[in-house]
Amino acid sequence: MEFTSDDARAHYDAVRAVLDGVVVGLDFDGTLSPVVDDPEAARLHPGAPGALLELAEVVRAVAVITGRPARQAVAMGDLDALGNAMLDRGAELFVFGQYGNERWSATDQRIRSPRPPAGLATFERELPSVLRRAGAGDAFIEEKGLAVAVHTRRMDDPAGALERLRGPVAELAERHHLTIEPGRNVVEVRSGDMHKGQAVRAFVAEQEASGIVFGGDDLGDIEAFEAVRALRADGLPGLVVCSASHEQPDLEELADVVVDGPSGVVDLLTRLASPVRT
């Protein structure tokens, strides 16, 4: 765990001072779960359930705020069982899926979701031909219900393929009034009406939180980072955590704390839960 400045250490201490009212938001892939070639094979870091259970004893609530569909995140993380165990320890577990468009909680156990955005179905039908013309016909297309993600991680030249397809996919998305969300060897197309920053603000307000910690690893987390910093400027203790990777080093500049991937996130959560200041 590396603090990026003296102020960052002060932000960490300010959050610890009000821990019983703090809410914690965490991305899934690359933060709680190691990034893998097959997005359907992602699972929580082995230490994450234990760290979250310990954290449940000292904070108000935890939310997984992810671009994945909420149902998928719950299943891959076994979050229904984990959420029940966390409730027994005093903290609610939420999942805000598809950048906050979907909502699940351990108490409710139901997914609340809007309808898919207009234009998405037509975008999907036209996408394969656009990818072929861009020389990326072998890219993996992941249908998310409210979004479509195009992954290049399994291709021979993931970065080169992503560069070739990004422009054509963006043009297709624009024609259908959709927005793109670039990431680590992936570009996602969705409605631009919701992002993780809005989800963070709503989470803080609903829980009447006394502080906020958010951890993420990719470009889709930037709005959440910015939301925490804005809330902090308004007087709410807040901490921004970057789960670092060589694929997305730019996020480190926006963070208060930089950790070594999901294993570092687990270590940070364990430190937060510790009764001894660390």
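Above this text is the structure in question.
A brief structural summary. (Residues numbered from 1 in each chain as written. Predicted model: local features only at pLDDT ≥ 70, side-chain atom pairs only at ≥ 80, totals over all residues. Heavy atoms only, no water.)

## Quick look at the nonpolar core
Of all hydrophobic cores here, the largest spans 42 residues; its most connected members are Val24, Leu52, Leu55, Val62 and Leu79. Ala63, Phe203, Phe225 and Ala255 belong to the second-largest nonpolar core, a separate cluster that totals 25 residues. (Core = buried A, V, L, I, M, F, W, Y, C linked by side-chain atoms within 4.5 Å. Buried < 20%, exposed > 50% of the residue type's maximum accessible area, 1.4 Å probe, protein only.)

## Digging into unusual backbone geometry
The phi angle at aspartate 78 is positive, at roughly 50°, despite the residue not being glycine. Position of aspartate 78 relative to the elements: it lies in the loop between helix 3 (70-77) and helix 4 (79-88). Phi at glutamine 109 is positive, roughly 65°, even though this residue is not glycine. Within the element layout of this structure, glutamine 109 appears in the loop between strand 5 (102-105) and helix 5 (120-133). Since its relative accessible area comes to 34%, glutamine 109 is described here as partly exposed. (Helix = DSSP H or I, 4+ residues; strand = E, 2+ residues; numbered from the N terminus.)

## Quick look at the pattern of salt bridges
Under the definition given, this model contains 16 salt bridges. Aspartate 27 is paired through a salt bridge with lysine 196; the nearest N and O atoms lie 2.9 Å apart. One end of the pair, aspartate 27, is in the loop between strand 2 (22-26) and helix 2 (48-56); the other, lysine 196, is in helix 7 (residues 196-207), and 169 residues separate them in sequence. Residue classification places aspartate 27 among the buried residues on the basis of a relative accessible area of 6%. We note a salt bridge from glutamate 206 to arginine 103, for which the minimum N-O separation is 2.9 Å. A residue pair is termed long-range when its members are at least 10 positions apart, and glutamate 206 in helix 7 and arginine 103 in strand 5 qualify at 103 residues. Overall, the relative accessible area of 42% leaves glutamate 206 in the partly exposed class. According to the relative accessible area criterion, arginine 103 is partly exposed, its value standing at 28%. Here the salt bridges share partners, and the residues they tie into one network are Asp27, Lys196 and Asp221. (Salt bridge = Lys/Arg side-chain N within 4 Å of Asp/Glu carboxyl O.)

Honestly, that's just the spatial picture; any functional story needs more than this.
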